[in-house]
Amino acid sequence: MPVSTSSVTGQLDAWRALPALQQPEWDDAAELRTVVDELAKQPPLVFAGECDQLKESLAAVARGEAFVLQGGDCAETFAGSTADAVRNKLKTLLQMAVVLTYAGRVPVVKIGRMAGQFAKPRSKPVEVRDGVELPAYRGDAVNGFEFTPQARRTDPRRLLQAYHCSAVTLNLCRAFTKGGYADLRQVHAWNQDFVANSPAGRRYERLAGEIDRALAFMKACGADPEEFHGVEFYSSHEALLLEYERALTRIDSRSGLPYDVSAHMVWIGERTRQLDGAHVEFLRHIRNPIGVKLGPTATAEEALALMERLNPEGEPGRLTFITRMGAGRIRDVLPPLIEKVRGSGSPVAWICDPMHGNTFEAPSGHKTRRFDDVLDEVTGFFEVHRALGTHPGGIHIEFTGDDVTECVGGGHEIVEDDLHQRYETACDPRLNRSQSLDLAFMVAELYREAQ
Ligand SMILES: O=C[C@H](O)[C@H](O)COP(=O)(O)O
Ligand SMILES: C=C(OP(=O)(O)O)C(=O)O
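Residues numbered from 1 in each chain as written. Chains lettered and ligands numbered in written order. Predicted model: local features only at pLDDT ≥ 70, side-chain atom pairs only at ≥ 80, totals over all residues. Heavy atoms only, no water.

A. Highlighting the nonpolar core. Formed by 91 residues in total, the largest nonpolar core has its most connected members in Phe67, Leu294, Phe321, Trp350 and Leu439. Looking at this core element by element, the count peaks at 11 residues for helix 4 (residues 83–104). Residues Val36, Leu39, Val142 and Ala162 belong to the second largest nonpolar core, which totals 28 residues. (Core = buried A, V, L, I, M, F, W, Y, C linked by side-chain atoms within 4.5 Å. Buried < 20%, exposed > 50% of the residue type's maximum accessible area, 1.4 Å probe, protein only. Helix = DSSP H or I, 4+ residues; strand = E, 2+ residues; numbered from the N terminus.)

Set out below in structure tokens:
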């Protein structure tokens, strides 16, 4: 029976009656209403059909027939929504994807933490520096990074700017991935460059050489499929600010169903995944593919309850669990979750976020992560899946295409004393370009071992 418009609207607004954690206290409620009304009139950033296409690809991941590479900044910034920054990120993502595709022998689903990752949940609502206390920075969609009372004021008009920066970024991504920049041979040439010209890359000469020979063979055969010249790219972000996500939810004219058109995929964070909370309630009514972060305290019962709530019909590709246990915990904590979830028979894709469980503060005060911990968590993720006979479905990372110094270690070693040199993140530390490529080659080797 078709669902009436008023009952869909009622469902989409039901979250308003529930506790919504991590929402900014907007200074100006009237202004917020004006902005939300304006957002509701804006064109969609993505189309429902594209979300369905991603859902199909994620269904393949859950079946063990594809692998996800999801990544981008911890916190995108308005100032960082430039052609250069977006291109560098995409370039790195594409380079990683080629290596993973070759090693895994399965399609790699490419999803950016891009074009919408402008809001951050925080551990504390305030930040104190030299005895001065100000509201915490919650992402450019909410307030400014600068440590001044003016910048830290919550400003609803920033939601509109987040929408426009998302549109600009997504437009660049669409152009770069369809307009020749993503040509497979070109991307491979960048990888050859990394292997030949960086000490970190030299260890991967063999794998790069194999890819080179595979491409030469295809060329000699005259094979030049369309897929070599462009890639499918999808956007994603944490659906944190419910007013923003609600304002960008539209009814798909084909099916009459609601889609959050702010991104192809949205996820619920570790801090907002309460079963009876507003985020779960809102996301259960939109038809996009959705993710849920699961940290080290998540229980198998919670995972099952989330599945029941968010995907009661067991729709393939609808639900992805993004685990972020920490390198020291993953081997103990993940197996019971996977076993119970598998036992339920409902399809789920498993992705490993090896960043968020491995953050620590360096003596200099910089938040950082060790490359070795990141790699160890991914290794543990593969080990657990191999032992259980399930599919390690992908990785979710915070990275940038620039040569920042935010995480320590990697082939081109960064030590704690280097962190101050280019520490540019607006929130958590990201892998730089070389560390990201390093990780891709290492994960490729893990993938091969797992097969
Ligand atoms: O990206 C994740 C969170 O927003 C981040 O880890 C919170 O950081 P905080 O502990 O500094 O608030
Ligand atoms: C906040 C994030 O992660 P988590 O919810 O896993 O802490 C994030 O991915 O930006």
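Further notes follow.
B. Inspection of the site of ligand 2 at higher detail. If you check the shell around ligand 2, you find 13 residues, and the closest are Arg113, Lys120, Glu270, Lys293 and Arg324. Within the side chain of histidine 356, one N or O atom sits 3.4 Å away from an oxygen atom of ligand 2. Burial of ligand 2 by the protein amounts to 98% of the accessible area it has alone, namely 290 Å². Residue composition of the shell around ligand 2, grouped by class: two nonpolar, three polar and eight charged. (Near = heavy atom within 4 Å. Polar contact = N/O pair within 3.5 Å; in protein donor to acceptor, adjacent residues only side chain to side chain. Areas by Shrake-Rupley, 256 points an atom, 1.4 Å probe, with all protein chains shown as cover. Nonpolar A, V, L, I, M, F, W, Y, C, P; charged D, E, K, R; others polar.)

C. Structural detail: the pairing of strand 8 (residues 265–268). Burial along strand 8 is two-sided: the face carrying Met265 and Trp267 and the face carrying Val266 and Ile268 are both buried. Across three bridges, strand 5 (residues 233–238) lies against strand 8 in parallel orientation. Residue pairing for strand 8: serine 236 is matched across the bridge by methionine 265. Of the strand pairs in this sheet, strand 8 and strand 9 (residues 290–294) are connected by three bridges, and their pairing is parallel. In the sheet register, isoleucine 268 faces strand 9, and the bridge partner there is valine 292. For the segment spanning strand 8, helix 9 (residues 278–283) and strand 9, crossover handedness is right-handed. (Pairing = 2+ DSSP bridges. Right-handed = clockwise from strand over helix to strand, strands pointing away.)

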